[in-house]
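Summary of structural features
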Amino acid sequence: MLRAVGIDLGTTKAVIAALRRGEPLALAGVDGSPIVPAVMGRSPEGRVLVGHAAAGAPREGELCTPDGQPYTAVERMALFLALLKRQAEQALGEPVRRAVLAIPVYFGQAQIASLLEAAQMAGLFVLRLVQSPLAAGVAYGLGRPGARPQTILVFDLGGGCLDVAVLRLFHGAVVPLALCGDGWLGGNEFSDAIVAHLIRQLQAQRELVLDETAAARQRLRRELRVYAEQAKVALSILEQTSLHVPGEVLGLPGEIGEVLTRAAFEGLIGPRAEDALALAREVAEASGVPPEGIDGVLLAGGSSQVPLIETALERQFPRAALLRGLNPVLGVAQGAALLAGTLEWVECPNCSLANPIEREACQRCRAALAGEERLFCPECDLPNDARRPICWKCGASLRQAREVRREAPTCPVCGAAVQAGAASCPACLRPLGKGDAGGPRCPACGRAAPAGASSCPACGTLLAPFVGGMASHSLGLAFPDGRMDVLLPRGQALPSPRPALREVRTLADGQTELEVPLYEGEHPWARENARGALHLHLPEGLPSGTIVEVAFALDRDGRLRVGASLKGDASADVEAILHWPV
Ligand SMILES: [Zn+2]
Ligand SMILES: [Zn+2]
Ligand SMILES: [Zn+2]
Ligand SMILES: [Zn+2]
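Just so it is clear, the model here is predicted, and its values are computed rather than measured.

Cut-offs used in this document
Residues numbered from 1 in each chain as written. Chains lettered and ligands numbered in written order. Predicted model: local features only at pLDDT ≥ 70, side-chain atom pairs only at ≥ 80, totals over all residues. Heavy atoms only, no water. Pairing = 2+ DSSP bridges. Helix = DSSP H or I, 4+ residues; strand = E, 2+ residues; numbered from the N terminus. Contact = heavy atoms within 4.5 Å. Axes fitted to C-alpha atoms, helices over the stretch in contact; angles between N-to-C directions. Domains from an automatic or database assignment. Buried area = accessible area lost by both parts, 1.4 Å probe. Salt bridge = Lys/Arg side-chain N within 4 Å of Asp/Glu carboxyl O. Buried < 20%, exposed > 50% of the residue type's maximum accessible area, 1.4 Å probe, protein only. Donors = N, O, S within 2.8 Å, 3.2 Å for Na, K, Ca; no water. Tetrahedral: all angles 85-135°; square planar, octahedral: opposite > 155°, others 65-115°. 1 Å grid on protein atoms, 1.4 Å probe; cavity = no way out; pocket = protein on both sides within 12 Å on 5 of 7 lines; lining within 4 Å. Points joined across faces, edges and corners; volume = space filled by probe spheres on them. Nonpolar A, V, L, I, M, F, W, Y, C, P; charged D, E, K, R; others polar. Expected span 1.5 Å × (residues − 1). Bend = angle between axes of the 7 residues up to and from the residue. Polar contact = N/O pair within 3.5 Å; in protein donor to acceptor, adjacent residues only side chain to side chain.

1. A word on the sheet that holds strand β22 (residues 466-467)
Here we have six strands laid out as an open sheet, ordered β15-β14-β9-β10-β11-β22, and mixed in their pairing. The open sheet has two edge strands, β15 (321-323) and β22, and neither has a second partner. With two bridges joining them, strand β11 (residues 173-182) and β22 adopt parallel strand pairing. Looking at β22, one finds that V174 is bridged to V467. Lying over the sheet, helix α3 (residues 132-141) contacts β9 (150-157), β10 (162-170), β11, β14 (296-300), β15 and β22, oriented at roughly 40° with respect to β10.

2. Description of the domain arrangement of the protein
In terms of domains, the protein is made up of domain 1 (4-143 + 332-372 + 437-463), domain 2 (145-326) and domain 3 (471-579). Between the C-alpha centres of domain 1 and domain 2 there is a distance of 26 Å. Domain 1 puts 22 residues into the contact, and the matching count from domain 2 is 28 residues. Counting the surface lost from both domain 1 and domain 2, the interface buries some 1900 Å², and carbon and sulfur atoms represent 71% of this. In terms of surface lost to domain 2, no three residues of domain 1 exceed P133, L134 and Y140, which account for 30% of the buried area on that side. There are zero salt bridges connecting domain 1 and domain 2.

3. A few points about the environment of H579
By the element assignment, H579 lies in strand β32 (residues 575-579). The exposure class assigned to H579 is partly exposed, which follows from its relative accessible area of 39%. Here the alpha-carbon distance between H579 and R531, two residues 48 residues apart in the chain, equals 9.1 Å.

4. Structural notes on the coordination of the zinc ion (ligand 1)
Each pair of donors in an ideal octahedron of six around a metal sits at 90 or 180 degrees, and each pair in an ideal tetrahedron of four sits at 109.5 degrees. The protein atoms donating to the zinc ion (ligand 1) are C348 (SG), C351 (SG), C362 (SG) and C365 (SG), with metal-donor distances spanning 2.2 to 2.3 Å. Its four donor atoms give the zinc ion (ligand 1) angles of 100 to 120° at the centre, a pattern that matches the tetrahedral case. Counting along the primary sequence, the residues that act as donors to the zinc ion (ligand 1) give the motif C-x2-C-x10-C-x2-C. According to the relative accessible area criterion, C365 is partly exposed, its value standing at 26%.

5. So, the coordination of the zinc ion (ligand 2)
Note on the zinc ion (ligand 2): its protein donors are C377 (SG), C380 (SG), C391 (SG) and C394 (SG). The metal-donor distances range over 2.3 Å. Coordination geometry of the zinc ion (ligand 2): the four donor atoms subtend angles of 99 to 120° at the metal centre, consistent with an arrangement described as tetrahedral. Within one chain, the residues donating to the zinc ion (ligand 2) are spaced in sequence as C-x2-C-x10-C-x2-C. Of the two residues, C377 and C380, both sit in the buried class.

6. Quick word on the layout of surface pockets
Estimated volume of the largest pocket: approximately 1400 Å³. Along its surface, the largest pocket is lined by 35 residues, and T12, P37, N188, R225 and E229 are the ones closest to its centre. Of all the secondary-structure elements, those providing two or more residues to the lining of the largest pocket are β4 (35-37), α4 (188-204) and α5 (214-235). In terms of residue count, the dominant contributor to the lining of the largest pocket is α5 (nine residues). Tallied by class, residues from the lining of the largest pocket come to twelve nonpolar, 14 polar and nine charged.

7. Brief notes about empty space enclosed by the protein
Per the counting criterion, the structure on display carries three cavities of 30 Å³ or more. Taken together, 25 residues form the lining of the largest cavity, with I112, Q131, S472, L494 and G558 sitting closest to its centre. Those elements giving two or more residues to the lining of the largest cavity turn out to be α2 (109-122), β8 (125-131) and β23 (469-470). Ranked by residues supplied to the lining of the largest cavity, first place goes to β8 with four residues. Grouping the constituent residues of the lining of the largest cavity by class yields 13 nonpolar, eight polar and four charged. Residues lining the lining of the largest cavity come from more than one domain, with at least three contributed by each of domain 1 (4-143 + 332-372 + 437-463) and domain 3 (471-579).

8. Thoughts on α5
Along its 22 residues, α5 runs 30 Å from first to last C-alpha, staying within 8% of the 32 Å computed at 1.5 Å per residue. Its maximal kink placed at R225, α5 deviates by approximately 25°. Tucked inside the fold, the buried residues of α5 contact α4, β12 (240-245), α6 (247-250), β13 (256-261), α7 (262-287) and α8 (307-316).

9. Digging into the sheet that holds β32
One open sheet accounts for five strands, arranged β25-β24-β28-β29-β32; its pairing is antiparallel. Edge positions in the sheet fall to β25 (484-488) and β32, since each of these pairs with one other strand and no more. With strand direction ignored, the average angle separating the axes of adjacent strands in the sheet is 35°. Note: strand β24 (residues 475-478) against strand β28 (residues 513-520), two bridges, orientation antiparallel. Within β28, the residue paired with G476 across the bridge is Y519.

10. Some thoughts on the side chain of S472
With respect to the helices and strands, S472 occurs in the loop between β23 and β24. Under the relative-accessibility criterion, S472 is labelled buried at 13%. A polar contact is formed between the side chain of S472 and the backbone oxygen of V105, at a distance of 2.8 Å.

Okay, here's the thing in structure tokens:
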């Protein structure tokens, strides 16, 4: 069986989960925590550090390989995904080559395209991208078989972004009615408000002169953040908390000692919390559901537990119950894992054929339907094709990495050598995931189903949820006067119900290249939106004014797909390539 995991890719952290004996479990790393901070840094020797290893490491300046080449955005993402993949493999004791990725709603074409490229580089085949509030809806909704249909508002406030969605939950289906994401507004801003408050306190101490160099300010903020985070968490349960920051920590003669009350904290975060609540109102309005029509509010994300937010949401949606059935930090990853374990089909990225989930290569075109094996460069750490003799990025020899890989697999718990494919460790007897059915637990009869089973083999209960998607940004071209010509509007269901068609013309005899600027966003002036480009490669010898017909559509993952052909000559070869600069 090909093991698939669910990954919650937040802006500040990631969580991986997988189905074990039917339950979606968050997989902890070597440090015991399932939360992997999305940070990178440099070791004293100049090596790139990712995740926990990078906490506290210097992050200033550009990240470069040991031979001085900067890592691109896609390569940095690939390093992070490779770390998550390895963490999952260590926790499960078997290779992980497929994943369902839960992404923030604000992600646009540039982020989606570079994420998919990075996943492929890391050796992860993406079964599906799912917007994180929908994954939260799956985690919440799958556990309630037979319940009546419900309309819920998901309020997912992570560290660095806010996602809001109104979902309709049916038996076996999660359908978005409206959703919106804000990539700037996150729970970290609440901690930042406390940090700013603490710095004001320090500045008010007359005898104290703060070192105002950029590096010193950054260091001070970093130190204070730790205390601010603790205070924020404490104030979600307690009415007040004492904040004491000793002078040694600050490298200052003064110190901070005060009692922060919840009321004072709410005063500090008030404006940003109001922005977050305004987004919830906006999405509820866009869904067409009146406030009394919202049956429940599902809080997700580590920062949604702030009481100010909870009470304001309760006031806004008077009939809604606060739904508690979801782990706010792990729930999105668990929903992605449930989806990964119940998908019956895998779509070929090359020819779009739906293949049975157990296929490793497409039945029609032989394209790979699982992540390919990777070797990690001993110098720059980037994943490489396992057949390469030297690293494609830095040229280091991969011989050593290949030898390490040839060694027998080891038990993730005790380190004893285990036989490939063994069901449990011969030394510590821990089950190794092999033989685990890989599907979810049937909510009706409690049996764990095999991966890809759409219904419970024992009692017939429907297991595989239908999970819809919704375009979170408008996509279009520019009219000659510069206004946005919207092709695929925001709020459209995914995949696009029908393609949007446009005609473009060549401007010269024999023209073989045509570039069409694309725009993504809601601004009425095209140039104010995010930009991309469609490059068309045309056959030779076409006269000026030749019409090229272009069809635009979003796929189930929200990625733009384009097809192009010559008007009146469908057999002519027109290649269409999309570019979304990061
Ligand atoms: Zn195919
Ligand atoms: Zn390398
Ligand atoms: Zn063992
Ligand atoms: Zn059953």
